[in-house]
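Understanding the architecture of this molecule
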Amino acid sequence: MLTFDRLFAEHVATGLARQMALADLIGERDWQLDLGSGTVTFGDDLRYQIQLLGTESHRDGSWLWAWANEASGLPPALLQLCGWLREYGHHHGIAEFTEPTFPLQRADGHRLALLASGLTGRCYYRGPYPGGAAFLHLDDAPPQITAPIRPERTVTVLGQVIQGFPVDHRIAVESFLRQQSWHLSPAPTSLTAHRSDGSTLRVDFDSLGRVSNMSTTVNP
């Protein structure tokens, strides 16, 4: 049965890799959202088209999907992606994509946006404001944001995933490596992966299926 947690495990690492690439690009730049033009600007030199995902409220600890935020009169053109996610949720029975609002303890903005990133091929930005934060996806981010990551960064991404999120380690690791074009040779308690450039990665799992060790050899 497909569940939010299963989908999240499959896509979180790819989503996180894109966030790391975006952070490398925008650095410490300020952000400015322009709903009229449907763009977000970072500093004085970076400007991208956006799709709205939703908002976190820190006052009541809840998430609100942008498609359900009727009071704000959001431009329909900026709701296409979150509308697609809603339809995806209806089709696959993912309630977190179809219910208009729910507590952040159930799924906060980062978890929702990371999963959405993996499903849609985009990266996201969390824009804080007094009392909450807006989450939006960048429609036209540079290709290096969504391109496969360098082999040496693979262990860093997987390490952050297994330390930061309660996911099934094996699902997260295998899904990410396949999405990053590694060729897998799984075994009961380990996994060896190869890239076309000659790089290799070995992941060992303990008796509970948790990652116990990762080692990589990067081809110069």
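Not measured: the values here are computed from a predicted model.

**What about the pairing of strand S9 (residues 190-194)?**
Sheet topology places strand S8 (residues 183-187) next to S9; 5 bridges connect them, and they run antiparallel. Residue Ala 187 lies in a different strand from S9, and its bridge partner there is Ser 190. Note that S9 and strand S10 (residues 200-205) share 5 bridges and pair antiparallel. Counterpart to Thr 192 in the pairing with S10 is Arg 202.

**Thoughts on the packing of helix H1 (residues 4-26) against helix H7 (residues 169-179)**
One way to put it is that H1 packs onto H7 with a least axis distance of 8 Å and a crossing angle of 50°. Looking at the two axes, H1 sits oblique to H7. The way H1 lies across H7 gives a crossing that is right-handed. Judged by residue contacts, Arg 6, Ala 9, Glu 10, His 11, Ala 13, Thr 14 and Ala 17 of H1 engage Ile 171, Ala 172, Ser 175, Phe 176 and Gln 179 from H7. Taken together, the residues that form the contact of H1 with H7 break down as 6 nonpolar, 4 polar and 2 charged.

Here is what the cut-offs are and how they apply
Residue numbers restart at each chain and count upward from 1, following the sequence in its written direction. Reporting in this predicted model follows two pLDDT cut-offs: at least 70 for local features of residues, and 80 or more for side-chain atom pairs to be given and counted; totals over whole chains, interfaces and linings ignore these cut-offs and use all residues. Side-chain metrics rest on all non-hydrogen atoms present in the structure, leaving aside hydrogens and water. Pairing between two strands requires that DSSP report at least two bridges joining them. Helix and strand definitions here come from DSSP, where helices need a minimum of 4 consecutive H or I residues and strands a minimum of 2 consecutive E residues; each element is numbered from the N-terminal end. Comment: axis = line fitted to C-alpha atoms, over the contacting stretch for helices; angle = value between 0 and 180 degrees taken between N-to-C directions. Should an angle lie under 35 degrees it is considered roughly parallel, over 145 roughly antiparallel, and from 65 to 115 roughly perpendicular; all remaining angles are considered oblique. Put simply, a crossing is left-handed when the front helix is turned counterclockwise from the back one by less than a right angle, and right-handed when it is turned clockwise. Two residues form a contact once any of their heavy atoms are found within 4.5 Å. Asp, Glu, Lys and Arg are counted as charged, while Ala, Val, Leu, Ile, Met, Phe, Trp, Tyr, Cys and Pro are counted as nonpolar; the rest, among them Gly, fall into the polar class.

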